[in-house]
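Fold and contact review
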Amino acid sequence: MTFGTHRRDPYAGFPGTVGRTFGESTAAWPDARRAPERAPNIVVVLIDDMGYSDIGPFGSEIPTPTLDAIADQGVRLANYHTMPLCSPARAALLTGLNPHRVGYSMVANSDPGFPGYGMEVAGDIPTLAELLHDQGYATYAVGKWHLTRDSASNAADDRRNWPLQKGFDQYYGVLEGLTSLFHPHQLVRDNSPLAIDEFPDDYYYTDDITDRAIEMVKSLRAHDAEKPFFLYLAHNAVHGPLQAKPADLARHRGRYADGWDALRSSRFARQLAAGLFPAGTELPDRETEAGYDVPAWESLTEVQQRLYARYMEVYAAMVDNVDQNLGRLTDTLAALGELDNTIVVFTSDNGGTGEGGAEGTRSYFSRFVHHPNLPADWNPDVEREIDLIGTAQSLVHYPRGWGMASNTPFRFYKGQTYAGGVRVPFVLSWPAGLPRAAGDSGVRSQYQYVTDLTPTLLELAGLARPSERNGAPVQELDGVSFTATLRSPEAPSAHTEQYCEMVGNRSYYREGWKLVTLHRPRTPYDDSEWALYDLRTDPTEIHDLAAEHPEVVKELSEAWEAAAWRNGVFPLPDGSGAMALRNPEEARLRRPVTLLAGTPELERYRSSRLISFRSFEVTARLDGYLPGDRGVLVSHGDQGGGYVLYVEDGQLHFAYNQYGELHHSAPAPVPASATAVTLRATAVADLRWEFELLIDGAAVSGLPAVHQLIGMAPFQGISVGIDRKSPVSWPLWERHRTFRYTGALHSVTYTPGAPAPYDPETVVTALREAAAAFE
């Protein structure tokens, strides 16, 4: 029998024999895909925004007994480097490639239209999960993903860059970069956003994702006693907004009354005693660079000190909770008899942050806004009772003085290519495969980089990275294995040079020298901003040697330029506003949309496109209002900012949460048989909205100008007939919880208007069109 060119012989390659009957045939089965015998389990715990000194093995006073135990029998990489921001670090960690090559020049919340900003792991770049899965591992991910672009995080997306399509068997967590730990805005299980109306009062996200991870491991062992697993446990903690369980918070009351200056000194002393730095290493002065500066603790008022100390108590409680949950996981592995043959890695995606500003904030999303024309009365902080800080009713972040202390002994913060942004704690333990030799402190001072983790874990597991996958070549690695370093403190580092870039901040490392910039936005990229440090004698980057060694500056700056072209770093951010641009395909997200009653919550980014920087109308269609009907007609947002339209006691109400400040319209009676309730928002000057409420087309109430919700607010999507999860109005939630509408609500229609003149994308487009007219 002959076969066409597109028809495969069904018996081709079959090792048995096939006759007309079973009796005339010999059976054969394909080889099972199994990992090598006694291959280790692998657990990578990636915490978010944690500075170098925030756990016990790296000098912290915060109790972390689980991490202490892991470090006591493992190794601490004292000279480990990562990327300065979330998504790039995750892309590098999970692929072993420099993040610009993977398409993650920035966090996955932009789309300016260049290869380095593709925000998608290509098919020829296999992830660690895919490589392990191909060779017989079960693969699980829980927690923060942040490798899916915000515009691709909704239920209509093809999901090609979601966790299950990148090698994981199961996933549970949040696709985006941050969330409320008490009321996560959109939980995803595997490939599906979960429809959740309300969380239990004692819910806490860090506990939840740990529960799910333990369930995955237990289920695997119930079905297969031998199959090794890879667990990627990516915490959203300790990223802002900072929120902690009351019991955890209580343990840290009063711990930080002495302030950040004293904390830096005590942590640095413990770091020196632990051998993390050579004798003679200096602690830099308190940060004084404009925009990054920190006041002396003693210069603060008593009120400020009390408030600022409370922020740090919340942060410490979050670190404490992460360690407790890691302890629950390792206890499970011990109960299964597998802890000794499990590689456990703990590290952070980037350094501690200064995003809370000099004073900190109790209004996280208003502090987060970056717009060139914010009105003079914009409030980046909202009054809150001190006992609400860290609770579900507040979205807070600490002052950057605590970020400075978190990054002890380094300078600067997350986002910068100085050590404070890129040097983070790293602990690895594998008792069965990497036993510590007598006299080995476990401290390693060799330079290592985030891209090195994938090749290292593959080598430890006895697995090779293939040159081809699914019949096509795969891209070469940038990282190199540091297995030799793990086994011997004397082994040289195989990673001898490395470029870095983030929002224009640049650096280049080569064999102890580091060239680095602190780039100011909208300023030229030239050699005058380079600083040069010899990390062999000055690991804390205090003494700039650029003027003394111009030949080294020239050599390394040229090396950076070559590496940037080789890795897809260009174009660099400038003052053109290009980062505000989005794929023109997103224009369809601005079309009117009708949501029928019972529609699951509309995803955050999808919801924001209907209202941001523009006028808009929301019309709720009723199948005739009846006296006694009550509840929420539509809600959009949460405790960090949003709005809710509802009927209570026969009156129409509108509550507007302006980044934590609650405004109410005057109530208006709803006439019997009313069929349409409309909320009309008009974008006016100074980034404000004016609101008007109409019933069956007649104006009945309104709200004078309030600040628009922009940036990451509203952070929770649109819900019809209910206020889900984190409420827009806490008083309303206390009275009625989610307050589902009891009447006959047919639908809610959003009709976006034209963009306001200050819409960043509109401004950039207009400037480009004007420039083109003169060419």
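Let me begin by describing the structure that accompanies this report. No experiment lies behind these values; they were computed from the predicted model shown. (Residues numbered from 1 in each chain as written. Predicted model: local features only at pLDDT ≥ 70, side-chain atom pairs only at ≥ 80, totals over all residues. Heavy atoms only, no water.)

Some points on the overall build of the chain
A count of helices and strands for the chain gives 17 helices and 30 strands. Whereas a compact globule of 775 residues would reach a radius of gyration of roughly 28 Å, the chain reaches 28 Å, a difference of no more than 12%. The principal-axis extents of the C-alpha atoms in the chain amount to approximately 90 × 80 × 65 Å. For the chain, long-range pairs separated by at least 24 residues make up 73% of all intrachain contacts whose partners lie at least 6 apart in sequence. For the chain, the computed accessible surface area is about 30,000 Å², with 52% contributed by carbon and sulfur atoms. (Helix = DSSP H or I, 4+ residues; strand = E, 2+ residues; numbered from the N terminus. Rg over C-alpha atoms; globule rule 2.2 N^0.38 Å. Contact = heavy atoms within 4.5 Å. Areas by Shrake-Rupley, 256 points an atom, 1.4 Å probe, with all protein chains shown as cover.)

Concerning the environment of Ala273
Within the secondary structure layout, Ala273 lies in helix H7 (residues 259–273). With a relative accessible area of 69%, Ala273 lands in the exposed category. Note: C-alpha distance between Ala273 and Gly59 (214 residues apart in sequence) is 9.1 Å. (Buried < 20%, exposed > 50% of the residue type's maximum accessible area, 1.4 Å probe, protein only.)

Observations regarding the sheet that holds strand E15 (residues 497–502)
Taken together, the four strands give an open sheet; going across it, the order is E15-E16-E17-E18, and neighbouring strands pair in antiparallel fashion. Each edge of the open sheet carries a strand with a single partner, namely E15 and strand E18 (530–534). On average, adjacent strands in this sheet sit at an angle of 15 degrees to one another, irrespective of strand direction. Bridge count between strand E16 (residues 505–510) and strand E17 (residues 513–517): four bridges; the pairing is antiparallel. By the bridge assignment, Arg510 is partnered in E17 with Trp513. The strands that helix H14 (residues 550–567) touches are E15, E16, E17 and E18; relative to E16, the one it contacts most, it runs at about 110 degrees. (Pairing = 2+ DSSP bridges. Axes fitted to C-alpha atoms, helices over the stretch in contact; angles between N-to-C directions.)

Let's talk about helix H1 (residues 65–72)
Listed as buried for H1 are Thr66, Leu67, Ile70 and Ala71. End-on view of H1: buried residues confined to an arc of 130 degrees, all on one side of the axis. Along H1, exposed side chains directed more than 90 degrees from the buried face belong to Pro65 and Asp72. (Arc of directions from axis to C-beta.)

Quick word on the nonpolar core
Generally speaking, a soluble globular protein has its nonpolar side chains buried in company with each other. Grouped together as the largest cluster of nonpolar side chains are 150 residues, with contacts concentrated most on Phe230, Tyr232 and Trp402. It is helix H8 (residues 302–335) that provides the largest number of residues to this core, a total of 15 residues. In this view, Trp402 contacts Tyr256, Gly259, Trp260, Leu263, Trp297, Tyr308, Ala309 and Met312; residues no more than four positions away in its chain are not counted. Within the second largest apolar cluster, 51 residues are counted, among which are Val647, Val677, Tyr741 and Tyr750. (Core = buried A, V, L, I, M, F, W, Y, C linked by side-chain atoms within 4.5 Å.)

A look at the sheet that holds strand E2 (residues 75–77)
Spatially, the 10 strands line up as an open sheet ordered E7-E6-E5-E4-E8-E1-E9-E10-E2-E11, and their pairing is mixed. The open sheet has two free edges, formed respectively by strand E7 (192–193) and strand E11 (443–444), since each of these has just one partner strand. Of the pairings in the sheet, the one linking E2 to strand E10 (residues 426–429) comprises two bridges and is antiparallel in character. Bridging across to E10, Val75 finds its partner in Leu428.

Some thoughts on the packing of aromatic side chains
Counted according to the given criterion, the structure contains 42 aromatic pairs. Taken together, a centroid distance of 5.8 Å and an interplanar angle of 75 degrees make the contact between Tyr256 and Trp402 edge-to-face. Taken together, the residues span a long stretch of sequence, with Tyr256 in the loop between helix H6 (246–250) and H7 and Trp402 in helix H10 (residues 400–406) at a distance of 146 residues. Here Tyr256 falls in the buried class, since its relative accessible area comes to 1%. (Phe/Tyr/Trp six-rings, centres within 6.5 Å; stacked < 30°, edge-to-face > 60°.)

Observations regarding helix H12 (residues 453–460)
At 3.6 residues per turn, the α-helix brings residues three or four places apart onto the same side. For H12, the buried fraction is high: seven of the eight residues fall into the buried class. Burial in H12 covers these residues: Leu453, Thr454, Pro455, Thr456, Leu457, Leu458 and Leu460. Backbone geometry just downstream of H12 places Gly462 in the positive-phi region, at approximately 75 degrees.

Concerning the pattern of salt bridges
Pairing between side chains becomes possible if they bear opposite charge and their charged atoms approach one another. Counted by the stated rule, this structure contains 51 salt bridges. Salt bridges sharing partners connect three or more residues here, namely Asp48, Arg90, Lys144 and Asp349. (Salt bridge = Lys/Arg side-chain N within 4 Å of Asp/Glu carboxyl O.)

Considerations on a nonpolar patch on the surface
Judged by side-chain polarity, Tyr11, Phe14 and Val18 come together as a nonpolar surface patch covering roughly 300 Å² of accessible area. Examined against the element boundaries, Val18 turns out to sit in the segment before strand E1 (41–47). Residue class for Val18 comes out partly exposed when judged on its relative accessible area of 46%. (Patch = residues over 30% accessible without salt bridge, like charges linked within 9 Å, V, L, I, M, F, W, Y side chains within 5 Å.)

A few points about the state of the cysteines
Two cysteines form a disulfide when their sulfur atoms are joined by a covalent bond. With the rule as written, the count across this model stands at zero disulfides. We note that Cys86 lacks a disulfide partner, and the nearest cysteine sulfur, in Cys500, lies 14 Å from it. Cys86 gets classed as buried once you look at its relative accessible area, which sits at 2%. (Disulfide = S-S within 2.5 Å.)

Let's talk about unusual backbone geometry
Negative phi characterises most residues that are not glycine, and trans characterises most peptide bonds. Between Gly240 and the following residue, Pro241, the backbone shows a cis peptide bond with an omega angle of -5 degrees. Looking at where Pro241 falls in the secondary structure, it is placed in the loop between strand E8 (229–234) and H6. With omega at -5 degrees, the peptide bond leading from Ala713 into Pro714 counts as cis. Along the chain, Pro714 turns up in the loop between strand E28 (698–707) and strand E29 (718–720). A positive phi is found at His146, a non-glycine position, where the angle reads about 55 degrees. Considering the arrangement of structural elements, one finds His146 in the loop between strand E4 (138–144) and strand E5 (170–174). His146 sits in the buried class, given a relative accessible area of 5%. A positive phi angle, near 65 degrees, is found at Arg522, a position not held by glycine. Take Arg522: it is sitting in the loop between E17 and E18.

Some details on the side chain of Asp48
Within the element layout of this structure, Asp48 appears in the loop between E1 and H1. If we skip the residues at most four places from it in the chain, Asp48 touches Cys86, Arg90, Lys144, Gly177, His235, Asn236, Ala237, Val238, His239, Ser348 and Asp349.

Overview of the pairing of E5
With respect to burial, E5 is a largely interior element, four of its five residues being buried. Note: E4 against E5, five bridges, orientation parallel. Bridge pairing in E5 links Ala141 to Tyr171. Pairing of E5 with strand E6 (residues 188–189), which is carried by two bridges, proceeds in the antiparallel orientation. Paired with Gly173 across the strands is Val188, a residue of E6.

Observations regarding the packing of H1 against H8
Between H1 and H8, the least distance of the axes is 7 Å, while the angle of their chain directions is 60 degrees. The pairing of H1 with H8 is recorded here as oblique in orientation. Note on element contacts: H8 touches H1 through Asp323, Leu326, Gly327 and Thr330, opposite Pro65, Thr66, Leu67 and Ile70. Of the residues assigned to the contact of H1 with H8, the class counts are four nonpolar, three polar and one charged. (Parallel < 35°, antiparallel > 145°, perpendicular 65-115°, else oblique. Nonpolar A, V, L, I, M, F, W, Y, C, P; charged D, E, K, R; others polar.)

Brief notes about the side chain of Asp349
As for its position among the elements, Asp349 is in the loop between strand E9 (342–348) and helix H9 (364–368). Polar side-chain contacts of Asp349 include one of 2.9 Å to the backbone nitrogen of Asp49. (Polar contact = N/O pair within 3.5 Å; in protein donor to acceptor, adjacent residues only side chain to side chain.)

Re the environment of Gly390
Secondary-structure assignment places Gly390 in the loop between H9 and H10. When its relative accessible area of 0% is taken as the criterion, Gly390 is described as buried. For the pair Gly390 and Arg362, spaced 28 residues apart in sequence, the C-alpha separation works out to 9.2 Å. With residues near it in sequence (within four places) discarded, Gly390 still touches Phe182, Leu242, Gln243, Ala244, Val314 and Val396.

Some points on the environment of Met502
You can see Met502 is positioned in strand E15. Taking the C-alpha atoms as reference points, Met502 and Leu85, separated by 417 residues in sequence, lie 7.7 Å from one another.

All we've got here are geometric facts, nothing functional implied.
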